[in-house]
Amino acid sequence: MDTRGRNNVTVTGRTDGPVLLLAHGFGCDQNMWRLVVPALAADFRVVMFDYVGSGRSDPSAWSEQRYSSLEGYALDVLEICEELDLRNVIFVGHSVSAMVGVLAAARAPQRFSRLVMVAPSPRYIDEDGYRGGFSADDINELLDSLESNYLGWSAAMAPVIMGNADRPELGQELTASFCATDPDMARVFARTTFLSDSRADLKTVAVPTLVLECRQDMIAPREVGSYVNKAIPGSRLVTLDATGHCPQLSAPRATVQAITDFIGAAE
């Protein structure tokens, strides 16, 4: 199968620039990056895509077995890198895609030069000595609600996830993105996301890494950013003066600045 068509791969920016590979999170698609792309495209070759089951990807490529683990999404990333012969990739992963980037870089370290983890979480469920932000009961309730009424769940949860009540258009946009995702595929991606535990994988990271968090984020609280920062030796933690889980939409200028500052410092 043609990987470009399967994942609706788009490329923009400087053809001779360093490669930025932007990977969206659960319930989203590459459109979530649109406010940061114009600024990034001035200096970088920007590659975007939709995971199978999201956006304008090819739904015929869907496999529940493959996408029931984060490894399946990491395979998408690696196949895109191979198809486009991408090297020295700066992988920018939002939310669960931050962990997908960790897995991809561990599998093919020759492809990646840096990781940027935007609002990452290696585990969403609290445990003794670890705060992920949710109890096991919270996550079970969330998944039950999503599976019983996906559209209703999307309408209720998207504004909470976006976290900018004074800017309702942002929550409405995320709601629309959630609702555009096939419910059956979304249920699988949700379980894969919210039941994952990638903490042990953080020790495999061997490239310069930026951990980018928001001042207030109900999905990935600041304790999580601190945990990821400490678990990846030499990583840089930047806290944006922003709220919510999608700073590329709510604070695009600050997000771009943090990414470009990090890349410049790592060169």
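Residues numbered from 1 in each chain as written. Predicted model: local features only at pLDDT ≥ 70, side-chain atom pairs only at ≥ 80, totals over all residues. Heavy atoms only, no water.

Student: Please explain a negative patch on the surface as it appears in this structure.
Tutor: A contiguous patch of negative charge on the surface is contributed by D126, D137, D138, E141 and D144. Within the secondary structure layout, D144 lies in helix 5 (residues 136-148). For D144, a relative accessible area of 48% corresponds to the partly exposed category. (Patch = residues over 30% accessible without salt bridge, like charges linked within 9 Å, V, L, I, M, F, W, Y side chains within 5 Å. Areas by Shrake-Rupley, 256 points an atom, 1.4 Å probe, with all protein chains shown as cover. Salt bridge = Lys/Arg side-chain N within 4 Å of Asp/Glu carboxyl O. Lys, Arg positive; Asp, Glu negative; His and termini not counted. Charge placed at Lys NZ, Arg CZ, Asp CG, Glu CD. Helix = DSSP H or I, 4+ residues; strand = E, 2+ residues; numbered from the N terminus. Buried < 20%, exposed > 50% of the residue type's maximum accessible area, 1.4 Å probe, protein only.)

Student: Even after reading the chapter, I still don't get the packing of aromatic side chains, so can you show me in this structure?
Tutor: A ring pair, where both rings are aromatic, is described by two values, the distance of the centres and the angle of the planes. A full pass over the atoms with the stated rule returns 13 aromatic pairs. Each ring, one from F26 and one from F194, has its centre 6.0 Å from the other, and the planes form 75 degrees; the classification is edge-to-face. Of this pair, F26 sits in the loop between strand 2 (19-23) and helix 2 (37-41) while F194 sits in helix 8 (residues 183-194), and the two are 168 residues apart along the sequence. Taken together, a centroid distance of 5.0 Å and an interplanar angle of 90 degrees make the contact between F49 and Y51 edge-to-face. For the pair F49 and Y51, a shared accessibility class is recorded, and that class is buried. Residue placement shows R199 over the ring face of Y130; its charged tip is 4.8 Å from the ring centre. (Phe/Tyr/Trp six-rings, centres within 6.5 Å; stacked < 30°, edge-to-face > 60°. Lys NZ or Arg CZ within 6 Å of the ring centre and 35° of its normal.)

Student: Would you explain the pairing of strand 6 (residues 209-216) in this entry?
Tutor: Successive residues of a regular strand alternate their side chains across the two faces of the sheet. Extensive coverage of strand 6 is indicated by the burial of 6 of its 8 residues. Both strand 6 and strand 7 (residues 236-243) contribute to a ladder of 6 bridges, which runs parallel. Pairing of L212 across the sheet is with V238, part of strand 7. Since strand 6 and strand 7 lie parallel, the crossover through helix 9 (residues 222-231) that links them has a hand, and here it is right-handed. (Pairing = 2+ DSSP bridges. Right-handed = clockwise from strand over helix to strand, strands pointing away.)

Student: Help me out: how do you make sense of the sheet that holds strand 2 in this one?
Tutor: Whether parallel or antiparallel, the strands of a sheet pair through hydrogen bonds between backbone atoms. Taken in spatial order, the 7 strands of this open sheet run 1-3-2-4-5-6-7, and their pairing is mixed. Every interior strand has two partners, whereas the edge strands, strand 1 (10-13) and strand 7, have only one. Direction aside, the axes of adjacent strands within the sheet are offset by 20 degrees on average. Two strands pair when backbone bridges link them, and strand 2 and strand 3 (residues 45-48) are joined in this way by 4 bridges, in the parallel orientation. The residue of strand 3 that forms the bridge with L22 is M48. Running over the sheet, helix 3 (residues 70-83) touches strand 2, strand 4 (89-94) and strand 5 (112-118) and is turned about 140 degrees from strand 5. Its contacts with the sheet place helix 9 against strand 5, strand 6 and strand 7, and it is angled at close to 165 degrees to strand 6. (Axes fitted to C-alpha atoms, helices over the stretch in contact; angles between N-to-C directions. Contact = heavy atoms within 4.5 Å.)

Student: What's the story with the pattern of salt bridges in this structure? I'm lost.
Tutor: Pairing is possible between side chains that carry opposite charge, provided their charged atoms lie close to one another. For the structure shown, the criterion picks out 17 salt bridges. A salt bridge links R6 to D76, with the shortest nitrogen-to-oxygen separation between them at 3.5 Å. One end of the pair, R6, is in helix 1 (residues 3-6); the other, D76, is in helix 3, and 70 residues separate them in sequence. For R6, a relative accessible area of 8% gives the class buried. Take D76: its relative accessible area is 0%, and that puts it in the buried class. Between D85 and R111 there is a salt bridge whose closest N-O contact spans 3.5 Å. Of this pair, D85 sits in the loop between helix 3 and strand 4 while R111 sits in the loop between helix 4 (96-107) and strand 5, and the two are 26 residues apart along the sequence. Looking at D85, the relative accessible area reads 46%, which means it is partly exposed.

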